[in-house]
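Tertiary structure, described
Now for the letters of each chain:
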Amino acid sequence: MKPNISNALKLLVSYFCILILGTFLCAILYTIYILCTNLVAGQTLSIFDLSLFVKGAIIFAPVVMSLSGMFMIFYLIRHSSASWLHLTLYCLLYASSWIILMPLCFSLENRVLKAQIEDEIFINEEKPIVSPDYFRKNLNCVYLYSDVTDENLVSGMCIEISRGEGEVHTFKNMAVLPTNEIFVDSIIQETMGLPRLVSDVLRYGDSILAISREAALRGFLNWLCFASMGLALMAVAGSRHLSSWRIVNVIVILFLTFGILTFNVINYEQSFITPIQLYFNSYLEKFIKIGNPFLMVCNFLLAIILFVIGLVIDIKRKKEIKGQAK
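Residues numbered from 1 in each chain as written. Predicted model: local features only at pLDDT ≥ 70, side-chain atom pairs only at ≥ 80, totals over all residues. Heavy atoms only, no water.

**Considering the environment of Phe-226**
Summarising the element assignment, Phe-226 is placed in helix H6 (residues 220–226). Phe-226 gets classed as buried once you look at its relative accessible area, which sits at 4%. Sequence spacing of Phe-226 and Ile-290 is 64 residues, and the spatial spacing of their C-alpha atoms is 9.6 Å. Ignoring sequence-local partners within four residues, the contact set of Phe-226 consists of Trp-98, Ile-211, Ser-212, Ala-215 and Tyr-268. (Helix = DSSP H or I, 4+ residues; strand = E, 2+ residues; numbered from the N terminus. Buried < 20%, exposed > 50% of the residue type's maximum accessible area, 1.4 Å probe, protein only. Contact = heavy atoms within 4.5 Å.)

The following block contains the structure:
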C-alpha cells in the first residue's frame with residue numbers, strides 16, 4: 001500500500017478514535033461529577049450510573065465533534081509530509097461532523113428528552129437528605145445538624161465564629177444550608193468544588209452547547225448558517241505549517257480554534273460587538289434572512305483568509321522542498 005493512502009487511512013482511524021474515546025471520556029467525567037454533586041457526607045459514592053453516562057455521551061458528542069478538527073490538525077502537524085489527500089480527507093471528515101453528525105446528535109437528544117416526558121422516565125432529581133452529626137460551615141457560622149426530617153428540614157445548633165467567644169444558638173426545622181453550586185451538601189462542595197477557572201471554562205462550553213442546540217432545533221437552514229463557524233474552524237488547518245517548529249504550530253492552532261469559538265459565542269450574547277453587529281445586520285438582513293448574517297459573513301471571510309494563507313504556505317513549502325531535493 002502506498003504511504004499516502006496508508007497515512008490517509010490512519011487519519012480516518014484517528015478521527016473515529018477521537019470521537020469514540022473523547023465522547024467516552026467526557027461521559028465518564030460527567031457521570032462522576034453529577035454523582036459527586038448528589039453525594040452527602042457519610043454516604044457511599046456510587047461509582048457508575050448508566051442513565052447519566054448515556055446522557056453525558058449525548059450531551060458531549062457534539063463538543064467532541066467540534067474539537068475533532070483541532071486534533072486532526074495536530075495529526076497533520078505531526079506527519080508533516082502529509083499530502084493534499086490527507087487535507088481533503090480532513091475537510092470531508094470535519095464537514096460531515098458539522099453537516100450530518102452534530103445535527104443528528106441534537107435531534108437524538110431532543111427525542112430522548114421527549115421520550116422521557118411522554119413515558120415519565122426521569123433521572124431521580126430529588127435532593128438527597130443530608131446526614132446529621134457533621135459540622136458544616138456557612139459564612140461566619142458553623143452548623144451541627146442533630147436531626148434531619150424527611151423534608152430535609154434540620155434542627156441543631158449554630159456556633160458564631162465571627163466573635164471571639166463563639167456564641168452558640170439552637171435552631172429547629174430550618175432549611176438546609178444553601179450551596180453556591182449544584183452540590184447538595186456544603187461539605188462535599190468544599191472538598192470537590194471546581195476551581196474558578198474550570199467553572200468559567202465549563203460555563204463557556206455550556207454557552208456554546210446551548211447556542212448550537214437552539215440553532216439545530218430551528219431547522220437545517222438555520223443550522224447551516226450556524227455551521228459557518230465550523231467552516232472557519234476547518235480553515236484553521238491552513239496554519240498548520242506556519243512555522244518550522246511544531247510546538248509553535250500547535251500553539252497557533254489552539255489560539256485560532258478557541259479564538260474563533262469565543263468570537264462566535266460573544267456574537268450570540270450581549271457584548272461590546274453587539275452595536276456593530278446590529279448595524280451591519282440592518283443591511284445584511286436584506287440579502288440573508290436566516291441566522292446571524294454579520295457572524296456568517298465574518299466566519300466566511302475568516303475561512304477564506306485562513307485558506308488563502310494555508311495555500312500560500314503550502315506552495316512556498318513545496319518549492320523549498322523541491323529546492324532542497326536538487
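That was the structure; now back to the text.
**Looking at the packing of aromatic side chains**
Counting across every chain of the model gives 11 aromatic pairs. Relative to Trp-223, the ring of Trp-98 lies with its centre 5.9 Å away and its plane at 25°, an arrangement referred to as stacked. Within this pair, whereas Trp-98 is found in helix H3 (residues 84–119), its partner Trp-223 is found in helix H6, the two being separated by 125 residues in sequence. With respect to class, Trp-98 is no different from Trp-223; both count as buried. Aromatic pair Phe-226 and Tyr-268: ring centres 6.0 Å apart, planes at 55°, arrangement tilted. With Phe-226 in helix H6 and Tyr-268 in the loop between helix H8 (246–267) and helix H9 (274–284), this residue pair connects regions lying 42 residues apart in the sequence. (Phe/Tyr/Trp six-rings, centres within 6.5 Å; stacked < 30°, edge-to-face > 60°.)

**Considerations on the pattern of salt bridges**
If you walk through the whole model with that rule in mind, you get 3 salt bridges. Taking the shortest distance from any N to any O, the salt bridge between Arg-213 and Glu-109 comes out at 3.1 Å. Of this pair, Arg-213 sits in helix H5 (residues 196–217) while Glu-109 sits in helix H3; the two residues are 104 residues apart in sequence, bridging distant segments of the chain. Among the residues examined, Arg-213 registers a relative accessible area of 23% and is labelled partly exposed. (Salt bridge = Lys/Arg side-chain N within 4 Å of Asp/Glu carboxyl O.)

**Some points on the packing of H5 against H8**
Closest axis-to-axis distance for the H5/H8 pair is 10 Å, and the angle between their directions is 65°. Pair H5 / H8 crosses with left-handed handedness. Note on element contacts: H8 touches H5 through Phe-258, Leu-261, Thr-262 and Val-265, opposite Tyr-204, Ser-207, Ile-208 and Ile-211. In terms of residue class, the contact of H5 with H8 is built from 6 nonpolar, 2 polar and no charged. (Axes fitted to C-alpha atoms, helices over the stretch in contact; angles between N-to-C directions. Left-handed = near helix turned anticlockwise from the far one by under 90°. Nonpolar A, V, L, I, M, F, W, Y, C, P; charged D, E, K, R; others polar.)

**Observations concerning the nonpolar core**
Within soluble globular proteins, side chains that are nonpolar tend to cluster in buried spots. Among the nonpolar cores identified, the biggest contains 50 residues, and Met-72, Tyr-90, Trp-98 and Trp-223 are the most heavily contacted of them. Mapped onto this core, the elements with two or more residues apiece are helix H1 (3–37), helix H2 (50–78), H3, H5, H6, helix H7 (228–235), H8 and helix H10 (293–325). For this core, the element with the most residues is H2, which contributes 12 residues. When near neighbours in sequence (up to four residues on either side) are disregarded, Trp-223 contacts Trp-98, Ile-99, Met-102, Pro-103, Phe-106, Ser-212, Ala-215 and Ala-216. The next biggest cluster of nonpolar side chains, apart from the first, holds 7 residues, and it includes Tyr-143, Tyr-145, Val-154 and Phe-171. (Core = buried A, V, L, I, M, F, W, Y, C linked by side-chain atoms within 4.5 Å.)

**As for the packing of H2 against H8**
Contact pair H2 / H8: the axes reach a minimum separation of 10 Å and the direction vectors enclose 165°. Relative to H8, H2 is oriented roughly antiparallel. Both H2 and H8 take part in a crossing whose hand is right-handed. Of the residues in H8, those in contact with Leu-67, Met-70, Ile-73, Phe-74, Ile-77 and Arg-78 of H2 are Arg-246, Asn-249, Val-250, Ile-253, Leu-254, Thr-257, Phe-258 and Leu-261. (Parallel < 35°, antiparallel > 145°, perpendicular 65-115°, else oblique.)

Geometric values such as these leave the question of function open.
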